[in-house]
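Listed below are the residues making up each chain.
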Amino acid sequence: MTIETCQDVVIFRPEGETLDMRNATAFREEIRPIVNEGKHVVLDMSGVHFVDSTGLGALLSLMRGLAAQDGSLRMAGLQDQVLNMFRLVRMNMVFDIYGSVDEAMEGWSH
């Protein structure tokens with residue numbers, strides 16, 4: 001994973017092409033310190049080509065955890081296959097999804 005801080009926003013880029021049952025637990029552990037700080041997070045999903053239900057659960061957990069700490073989550077760069085799955089299960093109505101990290105940063109960067 002790659003973590004970059006731009007002013008008060010954390011840009012998080014998961015490593016690997018999938019977010020699934022094999023790596024969802026590691027994803028949660030790696031991002032836990034950011035969640036505990038209640039940061040604004042842009043999750044750059046441009047390198048992720050597949051998300052299963054376990055990965056989706058990890059993303060929901062991230063969003064809820066940030067909200068509980070007065071932080072927030074925006075997702076950026078979803079690949080077509082992932083975006084189509086989000087639409088199929090209506091998660092595009094739950095997550096704030098942007099085309100790029102720059103678009104997601106608008107309004108947060110001062």
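Residues numbered from 1 in each chain as written. Predicted model: local features only at pLDDT ≥ 70, side-chain atom pairs only at ≥ 80, totals over all residues. Heavy atoms only, no water.

Visitor: Would you take a moment to explain the packing of aromatic side chains for this structure?
Guide: The description of two aromatic rings rests on the distance between their centres and on the angle between their planes. Counted by the stated rule, this structure contains two aromatic pairs. Measuring from centroid to centroid gives 5.5 Å for Phe12 and Phe27, while their planes differ by 70°, and the two rings are edge-to-face. Within this pair, whereas Phe12 is found in strand β2 (residues 9-13), its partner Phe27 is found in helix α1 (residues 24-37), the two being separated by 15 residues in sequence. Residue classification places Phe12 among the buried positions, given a relative accessible area of 1%. Given the relative accessible area of 6%, Phe27 is considered buried. Ring geometry for Phe86 and Phe95: centres 5.6 Å apart, planes at 45°, overall tilted. Here Phe86 matches Phe95 in class, with each residue buried. (Phe/Tyr/Trp six-rings, centres within 6.5 Å; stacked < 30°, edge-to-face > 60°. Helix = DSSP H or I, 4+ residues; strand = E, 2+ residues; numbered from the N terminus. Buried < 20%, exposed > 50% of the residue type's maximum accessible area, 1.4 Å probe, protein only.)

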